[in-house]
Amino acid sequence: MSTYADFHQRSLTDRDGFWGEQAQLVDWKVPPQQICDYSNPPFAKWFVGGITNLCHNAVDRHLATRPDQAALIFVSTETNQEIVYSFRELHAEVQRMAAVLKDLGVQKGDRVLIYMPMIPEAAFAMLACTRIGAIHSVVFGGFASGSLASRIEDAEPKVVVSADAGSRGGKPVPYKPLLDEALRLSKYKPEAVLLVDRGMAAMDLVAGRDHLWGALREKNLNTVVECEWVDATHPSYTLYTSGTTGKPKGVQRDTGGYCVALAASMKHIYAGNAGETYFSTSDIGWVVGHSYIIYGPLIAGMATIMYEGLPTRPDGGIWWSLVEKYKVTVMFSAPTAVRVLKKQDPALLTKYDLSSLRALFLAGEPLDEPTAQWISTGLGKPIIDNYWQTETGWPILSLCNGVEKAVSKFGSPGKAVYGYDVKLLDDQTGEELKGANQKGVVAVEGPLPPGCMQTVWRDDERFVNTYWKSVPGRLVYSTFDWGIRDADGYYFILGRTDDVINVAGHRLGTREIEESISAHPNIAEVAVVGVADQLKGQVAMAFAVLKNASLITDEASALALEAEVFKLVDRDLGAVARPARVRFVTVLPKTRSGKCLRRAIAAVCEGRDPGDLTTMDDPAALQQIKDLISA
Ligand code: ATP
Ligand code: MG
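Residues numbered from 1 in each chain as written. Chains lettered and ligands numbered in written order. Predicted model: local features only at pLDDT ≥ 70, side-chain atom pairs only at ≥ 80, totals over all residues. Heavy atoms only, no water.

Per an unreviewed UniProt entry, the recorded name for the protein is Propionate--CoA ligase, and the organism is Rhodoferax fermentans. Under the UniProt heading Sequence similarities (unreviewed entry), the note attached to the protein is "Belongs to the ATP-dependent AMP-binding enzyme family." (UniProt positions renumbered as here; feature names shortened; annotations may be inferred.)

As structure tokens, this is what we get:
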């Protein structure tokens, strides 16, 4: 077996040979004629001439070998349901959904917008779309009308699939009124709306437009809908980025490249095997949900757990109880979820039999060392941080333990993943930083590997200008994240390029300050932002959440804790990096995907309008900061 370094090297120097081999991990109706067409950079066409189908690879392909094995395991602690669908049953449900969508007029290339809670029908709808060559666009169920309307206008779906309600903390959250309002706001009107009635909230149906899944499903119990074989380059879906830094971009993904990239990642990165169970705690509204709740595990012949509910209900042991019950071997979550668990009883981490579990993967935001340490020790399992973006669809940086076992370095998402020619570039000159421990913008030399975005939906120009033109005189993909690489090739992500602040002429990464502060034993999480200052240009402001809020009883105890934090930062980074203030809050403003909205915090601190907050989870979080600032 070759080393990982060789493996990675070959993926770049013998690109076609390497990916041609990976392509054999999936089924093709017609095998690709050309592996990569990069004649029109930065647009890469993967597996040209190949004809395949994503749903076939995720579902039908397994019918011959594992028809009765679990495929989709639905667990809701909101409605106390647990339903296991075998591959055979999943195949039947997907065909029913596909038949209904076709009846509603959906054809190859049409968009279907999916605005749904974490219920099996959402998975059926996604798979039904790719089965018939329709392009799905899943919008996170937590979004309100405004965000939904702008995505409907951009995607122009023929049909919207939704439900009466989601549920959060045991309380129904009606979706239909939000959808109706979004459809009213949107200039574009879809022909039909397909609704799953969970019996949780009353729905006003619009005659001629709204249809109920239950009734239409009954009519199609035995309808056969064959897979529509499509070109490898046919779009499978569009998905909007989280919008942490501004207006969300419609990321467009192909079919063949995505299928191969996921199959390869299941083998080399996640090391999950057919017949085992994969548990990703994400949501289908995010890219992790697309790649590693739905497509990746199913393509690999694994059962996948779809979990509706909180990580803390009925208690903080719920996820680990599922690992025990379903013998989960690979688990995927986010640092934000681990920080939530950090506030719970650590004994819950050892209460269940986790012997099946090989590793916990975390992605989505920086994983600070104390949090990684806490969960790794608590579970006694390897923690693998992996770094990627909605745009890429699968990891850019990770450990590839399926190729060669490597040790995790806490605070690092690992090395460049095969297929990615990752570089660190000087943000001013665009020059490549080849030495160890130099800080630069994380960039990827084209072509991006299979599975990455093809373009911005209907906006090639935005794709080129946004992602490929940030370095003067060079066509290179920018992640807009800072990073360094150590002498062993491990990368460390230092935050987003727009998170850099300038304090009296010193350029500081807010992320580094956060890392230092989060080492304080009583701090659960912290956000640092740059705020305009007359004297220094900018100063850092820190907002911290305590592990135990009762530590602060009065002004004096808050000041004492603040002084401790100052000392920490002085020691780690020097007094220049010391925040102007450290304020204590009970919760930080975040997007629904758990990413901190530093942009909004900074705006509030400067007395500016925080802008579009439709993606924010808890409005009270920003209010706390407003109150502290104005007090
Ligand atoms: P938008 O692009 O609309 O502002 P977003 O960047 O938050 O939104 P995503 O694609 O969901 O949307 O997130 C990708 C970003 O998340 C990365 O660019 C990086 O900043 C951060 N990220 C993801 N995984 C990690 C990780 N393991 N370590 C550090 N940062 C990470
Ligand atoms: Mg981004």
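From this point on, the discussion continues.
**Student:** Could you give an account of the overall build of the protein, naming the residues involved and the relevant values?
**Tutor:** In terms of helices and strands, the protein carries 18 helices and 32 strands. C-alpha extents for the protein along the principal axes are approximately 70 × 60 × 50 Å. Residue burial in the protein is summarised as follows: out of 631 residues, 60% are buried. Considering only contacts in the protein between residues 6 or more positions apart, those separated by 24 or more positions represent 70%. Accessible surface computed for the protein: about 23400 Å², of which carbon and sulfur atoms make up 50%. Between the mean site of the 65 positive side-chain charges and the mean site of the 74 negative ones, the protein shows a separation of 0 Å. (Helix = DSSP H or I, 4+ residues; strand = E, 2+ residues; numbered from the N terminus. Buried < 20%, exposed > 50% of the residue type's maximum accessible area, 1.4 Å probe, protein only. Contact = heavy atoms within 4.5 Å. Areas by Shrake-Rupley, 256 points an atom, 1.4 Å probe, with all protein chains shown as cover. Lys, Arg positive; Asp, Glu negative; His and termini not counted. Charge placed at Lys NZ, Arg CZ, Asp CG, Glu CD.)

**Student:** Tell me what's going on with the packing of helix α1 (residues 4–13) against helix α2 (residues 15–22), and back it up with residues and numbers.
**Tutor:** Packing of α1 against α2 brings their axes to within 5 Å, and their N-to-C directions diverge by 110 degrees. By the angle class used here, α1 and α2 are roughly perpendicular. Each of Phe7, Arg10, Ser11, Leu12 and Thr13 in α1 lies in contact with α2, whose residues at this interface are Arg15, Gly17, Phe18, Trp19, Glu21 and Gln22. A per-class count over the contact of α1 with α2 returns four nonpolar, four polar and three charged. (Axes fitted to C-alpha atoms, helices over the stretch in contact; angles between N-to-C directions. Parallel < 35°, antiparallel > 145°, perpendicular 65-115°, else oblique. Nonpolar A, V, L, I, M, F, W, Y, C, P; charged D, E, K, R; others polar.)

**Student:** How would you explain the nonpolar core if you had to name every residue and give the values?
**Tutor:** With 116 residues, the main nonpolar core has Leu101 and Tyr418 as its most contacted residues. Here the element with the most residues in this core is helix α5 (residues 120–132); it accounts for nine residues. Discounting residues that sit within four places of it in the chain, Tyr418 has contacts with Tyr4, Phe7, His8, Ser11, Phe18, Trp19, Ala264, Ser265, His268, Ile269, Trp394 and Cys400. In terms of nonpolar packing, the next biggest core, distinct from the first, is built from 27 residues, Ile73, Leu349, Leu367 and Ile383 among them. (Core = buried A, V, L, I, M, F, W, Y, C linked by side-chain atoms within 4.5 Å.)

**Student:** Before we move on, could you go through the environment of Ser39 and cite the residues and values that matter?
**Tutor:** Looking at the secondary structure, you find Ser39 in strand β1 (residues 34–40). Sequence separation of Ser39 and Ile383 is 344 residues, and the distance between their C-alpha atoms is 40 Å. A polar side-chain atom of Ser39 sits 2.6 Å from a polar atom in the side chain of Asp37. (Polar contact = N/O pair within 3.5 Å; in protein donor to acceptor, adjacent residues only side chain to side chain.)

**Student:** I'd like a description of the sheet that holds strand β23 (residues 421–425), backed by residues and values.
**Tutor:** Spatial strand order, β23-β24-β26-β27: four strands in an open sheet with antiparallel pairing. Looking at strand neighbours, the two that pair on one side only are β23 and β27 (491–496), the edges of this open sheet. Going across the sheet, the axis of each strand differs from the next one's by a mean of 45 degrees, ignoring polarity. Both strand β26 (residues 477–485) and β27 contribute to a ladder of five bridges, which runs antiparallel. Bridge pairing in β27 places Asp481 opposite Arg496. (Pairing = 2+ DSSP bridges.)

**Student:** Quick one: what's the story with a negative patch on the surface, residue by residue and with numbers?
**Tutor:** On the surface, Asp154, Asp459, Asp460 and Glu461 cluster together to form a negatively charged patch. If you trace the backbone, Glu461 turns up in helix α14 (residues 460–467). (Patch = residues over 30% accessible without salt bridge, like charges linked within 9 Å, V, L, I, M, F, W, Y side chains within 5 Å. Salt bridge = Lys/Arg side-chain N within 4 Å of Asp/Glu carboxyl O.)

**Student:** Describe the packing of helix α17 (residues 598–605) against helix α18 (residues 619–630), and please don't skip the residues or the numbers.
**Tutor:** Two elements in contact, α17 and α18, have axes separated by 9 Å at closest approach and are oriented at 25 degrees. The angle between α17 and α18 places the two elements in the roughly parallel class. Crossing of α17 over α18 shows right-handed handedness. On the side of α17, the interface is formed by Ala600, Ile601, Val604 and Cys605, while α18 contributes Leu622, Ile625, Lys626 and Ile629. (Left-handed = near helix turned anticlockwise from the far one by under 90°.)

**Student:** An account of helix α10 (residues 287–299) is requested, with residue identities and associated values reported.
**Tutor:** The buried count for α10 comes to 13 of 13 residues, which makes it a mostly enclosed element. Just past α10, the residue Gly301 takes up positive phi, approximately 75 degrees.

**Student:** Can you break down the pattern of salt bridges residue by residue, with the values?
**Tutor:** What the rule picks out here adds up to 35 salt bridges. Close ionic contact of Arg96 with Glu93 constitutes a salt bridge, the shortest N to O distance being 3.2 Å. On the criterion of helical spacing, the pair formed by Arg96 and Glu93 is a turn pair, its members being three residues apart in helix α4 (residues 87–103). Neither residue differs from the other here; Arg96 and Glu93 are each classed as buried.

**Student:** How would you explain the pairing of strand β16 (residues 277–280) if you had to name every residue and give the values?
**Tutor:** Of the two faces of β16, both are covered, the one formed by Thr277 and Phe279 as well as the one formed by Tyr278 and Ser280. The pairing of β16 with strand β17 (residues 303–308) spans three bridges and is parallel. The partner of Phe279 across the bridge, within β17, is Ile305. The parallel pair β16 and β17, bridged by α10, forms a crossover whose chirality is right-handed. As paired strands, β16 and strand β18 (residues 328–333) are joined by four bridges and run parallel to one another. Paired with Thr277 across the strands is Val328, a residue of β18. (Right-handed = clockwise from strand over helix to strand, strands pointing away.)

**Student:** Could you give an account of the packing of aromatic side chains, naming the residues involved and the relevant values?
**Tutor:** All chains considered together, the criterion is met by 35 aromatic pairs. Seen in terms of ring centroids, Phe43 and Phe463 are 5.4 Å apart; in terms of plane orientation they differ by 50 degrees. Their pairing is tilted. Of this pair, Phe43 sits in strand β2 (residues 43–48) while Phe463 sits in helix α14, placing them 420 residues apart in sequence. We classify Phe463 as buried; its relative accessible area is 1%. One aromatic cluster in this structure is built from Tyr4, Phe7, Phe18, Trp19, Trp28, Trp46, Phe47, Trp394, Tyr418 and Tyr420. The lysine or arginine in question, Lys409, covers the ring of Tyr490, its NZ or CZ lying 4.6 Å from the ring centre. (Phe/Tyr/Trp six-rings, centres within 6.5 Å; stacked < 30°, edge-to-face > 60°. Lys NZ or Arg CZ within 6 Å of the ring centre and 35° of its normal.)

**Student:** Could you give an account of the sheet that holds β18, with specific residues and numbers?
**Tutor:** Here we have seven strands laid out as an open sheet, ordered β5-β4-β17-β16-β18-β19-β20, and mixed in their pairing. The sheet terminates laterally at β5 (81–86) and β20 (383–385), the two strands that pair on one side only. Averaged over neighbouring strand pairs, the angle between their axes works out to 20 degrees when direction is ignored. Two elements, strand β4 (residues 70–76) and β5, share six bridges in a ladder whose sense is antiparallel. Within β5, the residue paired with Ile73 across the bridge is Val84. Contacts between helix α11 (residues 318–326) and the sheet are confined to β4, β5, β16, β17 and β18, with β18 contributing the most and set at about 155 degrees to the helix.

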